[in-house]
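# Coordinate inspection notes
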Amino acid sequence: MAGHDAAKARALADDARGWLGGITLRAATSYAEAIAGADVVSATTHSPEPVVRREWLSPGTHVTSVGYNTAGREIDSATFRDALLVVESRAAALAPPPAGSNDIAMAIAEGAITSDHVHAELGELVAGTRPGRTDARQITLYKSVGVAVQDAAAAALVLDAARRRGAGRDVAL
């Protein structure tokens, strides 16, 4: 784990060890240190500068990016260029900011990729109509911009599964 505030990153890592059980977790002093050698990188920032850079990624790393900032991005263009890119919806991800992905828009503007670089939508992978990773050394990148109907569908599935299992509790709102 890494963040702009090292003390908060340490506190979160200490707390998360308890509820993630069995997962190696540590606070890093920099994003580069946190990413080095990682199999999975999850970026959830509002950073104006990339917190994930291609040179920090190992072969075979999967990156999930859900952060957004109209003044910047959390993933650099080289990562987009070299990764197998998956989005929820091409139309949503490629829409001009503020609706789409500023990360993707900036990578396109810099000439690192074109809109055709989007390999698949998430639904295409799930349905098996597009292949996922074809080589274990391939870097994969899932850039999420949030598609409300997919979020609602996922929430309904989770809620249904929880009710069937008797998990959770009802809360009056």
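Everything below is about the structure printed above this text.
Here goes a summary of the coordinates provided.

A few words now on the overall build of the protein chain. Of the regular secondary structure elements, the protein chain holds seven helices and five strands. Secondary structure elements in the protein chain, listed N-terminal to C-terminal, are α-α-β-β-α-β-α-α-β-α-β-α. If you line up the protein chain on its principal axes, its C-alpha atoms span 50 × 40 × 35 Å. Put simply, the protein chain has 173 residues, and 34% of those count as buried. Here the protein chain has roughly 10200 Å² of accessible surface; of this, 57% comes from carbon and sulfur atoms.

The topology assignment puts serine 144 in the loop between strand E5 (140-143) and helix H7 (148-165). On the basis of relative accessible area, serine 144 is assigned to the buried category, the value being 14%. Along the chain, serine 144 and leucine 157 lie 13 residues apart, while their C-alpha atoms are 19 Å from each other. Setting aside its immediate chain neighbours within four residues, serine 144 contacts Ser65, Val66 and Glu88. Engagement of the side chain of serine 144 in a polar contact is seen with the side chain of glutamate 88, the distance being 2.6 Å. Of note is the side chain of serine 144, whose polar atom sits 3.4 Å from the backbone nitrogen of glycine 146.

Attention now moves to a nonpolar patch on the surface. Together, Met1, Leu12, Trp19, Leu20 and Ile23 give the surface a local cluster of nonpolar side chains, amounting to about 480 Å² of exposed area. Mapped onto the secondary structure, isoleucine 23 falls in the loop between helix H1 (6-20) and helix H2 (31-35).

Quick look at the pairing of strand E2 (residues 62-65) now. Residues Val63 and Ser65 of E2 are buried on one face, while the alternating residues His62 and Thr64, pointing to the opposite face, are not. Examined bridge by bridge, E2 and E5 share four bridges and lie parallel to one another. Bridging across to E5, valine 63 finds its partner in leucine 141.

Looking now at the environment of arginine 90. Looking at where arginine 90 falls in the secondary structure, it is placed in helix H4 (residues 90-94). Residues arginine 90 and alanine 167 lie 77 residues apart in sequence; the distance between their C-alpha atoms is 35 Å. With sequence-adjacent residues up to four places away left out, arginine 90 is seen in contact with Val118, His119, Ala120, Glu121 and Glu124. In this structure the side chain of arginine 90 is engaged in a polar contact, spanning 3.3 Å, whose partner is the backbone oxygen of histidine 119.

Analysis parameters
Residues numbered from 1 in each chain as written. Predicted model: local features only at pLDDT ≥ 70, side-chain atom pairs only at ≥ 80, totals over all residues. Heavy atoms only, no water. Helix = DSSP H or I, 4+ residues; strand = E, 2+ residues; numbered from the N terminus. Buried < 20%, exposed > 50% of the residue type's maximum accessible area, 1.4 Å probe, protein only. Areas by Shrake-Rupley, 256 points an atom, 1.4 Å probe, with all protein chains shown as cover. Contact = heavy atoms within 4.5 Å. Polar contact = N/O pair within 3.5 Å; in protein donor to acceptor, adjacent residues only side chain to side chain. Patch = residues over 30% accessible without salt bridge, like charges linked within 9 Å, V, L, I, M, F, W, Y side chains within 5 Å. Salt bridge = Lys/Arg side-chain N within 4 Å of Asp/Glu carboxyl O. Pairing = 2+ DSSP bridges.

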